[in-house]
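Next come the chains, spelled out residue by residue.
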Amino acid sequence: MQGLKRLLAQRDNRVCADCGAADPKWASANLGVFVCIQCSGIHRSLGVHISKVMSTSLDEWTDEQVSVMAEVGGNAAANAIYEAHLPAGSRKPCPDSTMEERREWIVRKYEYQDFVKPTLRLNSTNHSSHYRQSFRQEEERPSSTSRRSSMRHLLSRKKTSKNSPSKSAAMVEFLGLLKVRVVKGTNLAVRDILTSDPYVVLNLGHQTAKTKVVNSNLNPVWDEEIMLSVPSGPPVPLKLQVFDYDKFSADDIMGEVEVDLQPIVAAASVLEEAMEDQIDDPGEVQIGRCLATAENALVSDSVIRLVGGQIKQDLAVKLQNVESGEVQLELEWVPLAQ
């Protein structure tokens, strides 16, 4: 693992090869790139014949896998190949890009190889998950020999059986369960004369749940756990609303916010295979980070951690469409098997 640690210490490998997010904890062992947890979920969806996703801290790496990563040379060297011919006006994803923007870029970059130098590009007869590929038989200058050798490692594919069922084919109605701990509110808005009687309502898909009412408190502590099922398909946001309870009239809204569940769902998907091969409890490991931006309403960066085999995410969110207020949440992914 010392060789892997040296690669991680390279300046270009300290950010995701695809979106530039800091401190990537995942890698594609056959493509030779280090990526963030959100991009790693998309790499994983391409299949191991295109991108073999591994954790830099949880998985056991073979010497051969580390050697392939070293031969590629790091994110900068890989991008010099995979992004050699970017169309004019093309925009590379950034850390706060949507999953659809990431997906479009990653599929074009690695599966279709739209940006690769034509003499190094792989031919594909179609764009399905089992497309056939062959190297173009074109002459190259001697000076490109080393790059061609590196490219063969970079584009190595591990074939999977076409008869084996895909995870999507075996998908049930729900991906898993989400345990939401509504911890507390801070500096909530006044809806009565001097204070409010706040409670929280959570919506996920067709499910709705609410907390208790905390009377006369703008900094309430609910500390309640609510279990919700996460529907299959693209993750829908968790909708959170805060209301002021009123005994004699309709309750007043005190702000709302949508929480993006894609990071924790992606972490669960990527870790599923890694944990199958994990024998020892890795303890507490940081596996991802969501950056606070104006678009996602995070108060500060949110860290996704693996704690005792459980995927957890702590976050504080700013309520929207209201003069003030923040809510602190703790999310925990619960597999259906548990």
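Please refer to the structure placed before this passage.
Residues numbered from 1 in each chain as written. Predicted model: local features only at pLDDT ≥ 70, side-chain atom pairs only at ≥ 80, totals over all residues. Heavy atoms only, no water.

### A few points about the overall build of the protein
Part 1 of the argument: Helix and strand content of the protein: 7 helices and 15 strands.
Part 2 of the argument: In the protein, which comprises 338 residues, the proportion classed as buried is 43%.
Part 3 of the argument: Of the contacts formed within the protein by residues at least 6 apart in sequence, a portion of 60% connects residues at least 24 apart.
Part 4 of the argument: Here the protein displays about 17200 Å² of accessible surface, and carbon together with sulfur accounts for 49% of that area. (Helix = DSSP H or I, 4+ residues; strand = E, 2+ residues; numbered from the N terminus. Buried < 20%, exposed > 50% of the residue type's maximum accessible area, 1.4 Å probe, protein only. Contact = heavy atoms within 4.5 Å. Areas by Shrake-Rupley, 256 points an atom, 1.4 Å probe, with all protein chains shown as cover.)

### Looking at the pairing of strand S10 (residues 238–244)
Part 1 of the argument: Burial analysis of S10 places 5 of its 7 residues in the buried class, the great majority of the element.
Part 2 of the argument: In terms of strand pairing, strand S7 (residues 198–204) meets S10 through 6 bridges, oriented antiparallel. Looking at the pairing, Val 201 lines up with Gln 241 of S10.
Part 3 of the argument: As defined by bridge partners, S10 adjoins strand S11 (residues 252–259) across 6 bridges and the pair is classed as antiparallel. The residue bridging Gln 241 from the neighbouring strand is Glu 256, located in S11. (Pairing = 2+ DSSP bridges.)

### Considering helix H3 (residues 63–72)
Part 1 of the argument: All buried positions along H3 are accounted for by Gln 65, Val 66, Val 68, Met 69 and Val 72. In a view along the axis of H3, the buried residues occupy a sector of 155°, so they form one face of it. Counted as exposed and oriented over 90 degrees from the buried face of H3: Asp 63 and Glu 64. (Arc of directions from axis to C-beta.)

### Side note on the packing of helix H2 (residues 37–45) against helix H5 (residues 99–111)
Part 1 of the argument: Two elements in contact, H2 and H5, have axes separated by 10 Å at closest approach and are oriented at 50°. As summarised for this structure, H2 and H5 are arranged oblique, according to the angle between their axes. As H2 packs across H5, the resulting crossing turns out to be right-handed. Seen from H2, the contacting residues are Gln 38, Cys 39, Ile 42, His 43 and Ser 45; seen from H5, they are Met 99, Arg 102, Arg 103, Ile 106 and Tyr 110. (Axes fitted to C-alpha atoms, helices over the stretch in contact; angles between N-to-C directions. Parallel < 35°, antiparallel > 145°, perpendicular 65-115°, else oblique. Left-handed = near helix turned anticlockwise from the far one by under 90°.)

### Overview of the pairing of strand S15 (residues 326–334)
Part 1 of the argument: As paired strands, strand S6 (residues 174–186) and S15 are joined by 9 bridges and run antiparallel to one another. Bridging across to S15, Lys 184 finds its partner in Gln 328.
Part 2 of the argument: Pairing geometry for strand S14 (residues 310–318) and S15, over 7 bridges, is antiparallel. Each bridged residue has a counterpart across the sheet, and for Val 317 the counterpart in S15 is Val 327.

### Some thoughts on the sheet that holds strand S2 (residues 33–35)
Part 1 of the argument: If you trace the 3 strands from one edge of the open sheet to the other, you get S2-S1-S3, paired in antiparallel fashion. Looking at strand neighbours, the two that pair on one side only are S2 and strand S3 (53–55), the edges of this open sheet. Between one strand and the next, the sheet's axes are offset by a mean angle of 35°, whatever the strand orientation.

### Notes on the nonpolar core
Part 1 of the argument: Counting 69 residues, the largest nonpolar core has Val 180, Leu 202, Leu 240, Ile 287 and Ile 311 as its most contacted members.
Part 2 of the argument: In terms of residues, this core owes the most to one element, helix H7 (residues 262–276), which gives 6 residues.
Part 3 of the argument: In this structure Leu 202 touches Val 180, Val 182, Gln 207, Thr 208, Ala 209, Ile 226, Leu 228, Leu 238, Lys 239 and Leu 240, once residues within four positions along its chain are discounted. (Core = buried A, V, L, I, M, F, W, Y, C linked by side-chain atoms within 4.5 Å.)

### A closer look at the packing of helix H1 (residues 2–9) against H3
Part 1 of the argument: Where H1 contacts H3, the axes come no closer than 9 Å and their chain directions differ by 30°. On the basis of their axis angle, the class for H1 and H3 is roughly parallel. Seen from above, H1 lies across H3 with left-handed handedness. Note on element contacts: H3 touches H1 through Val 66, Met 69 and Ala 70, opposite Gly 3, Leu 4 and Leu 7.

### Some words on a negative patch on the surface
Part 1 of the argument: A grouping of Asp 96, Glu 100, Glu 101, Glu 104 and Glu 295 is seen on the molecular surface, where their side chains present a negatively charged patch.
Part 2 of the argument: As for its position among the elements, Glu 104 is in helix H5. (Patch = residues over 30% accessible without salt bridge, like charges linked within 9 Å, V, L, I, M, F, W, Y side chains within 5 Å. Salt bridge = Lys/Arg side-chain N within 4 Å of Asp/Glu carboxyl O. Lys, Arg positive; Asp, Glu negative; His and termini not counted. Charge placed at Lys NZ, Arg CZ, Asp CG, Glu CD.)

### Quick notes on the environment of Asp 246
Part 1 of the argument: Mapping Asp 246 onto the fold places it in the loop between S10 and S11.
Part 2 of the argument: Asp 246 sits 49 residues away from Asp 197 along the chain, and the two C-alpha atoms are 7.7 Å apart.
Part 3 of the argument: Reaching out from Asp 246, the side chain makes a polar contact with the side chain of Ser 249 at a distance of 3.0 Å. (Polar contact = N/O pair within 3.5 Å; in protein donor to acceptor, adjacent residues only side chain to side chain.)

The values are spatial; any link to function lies outside them.
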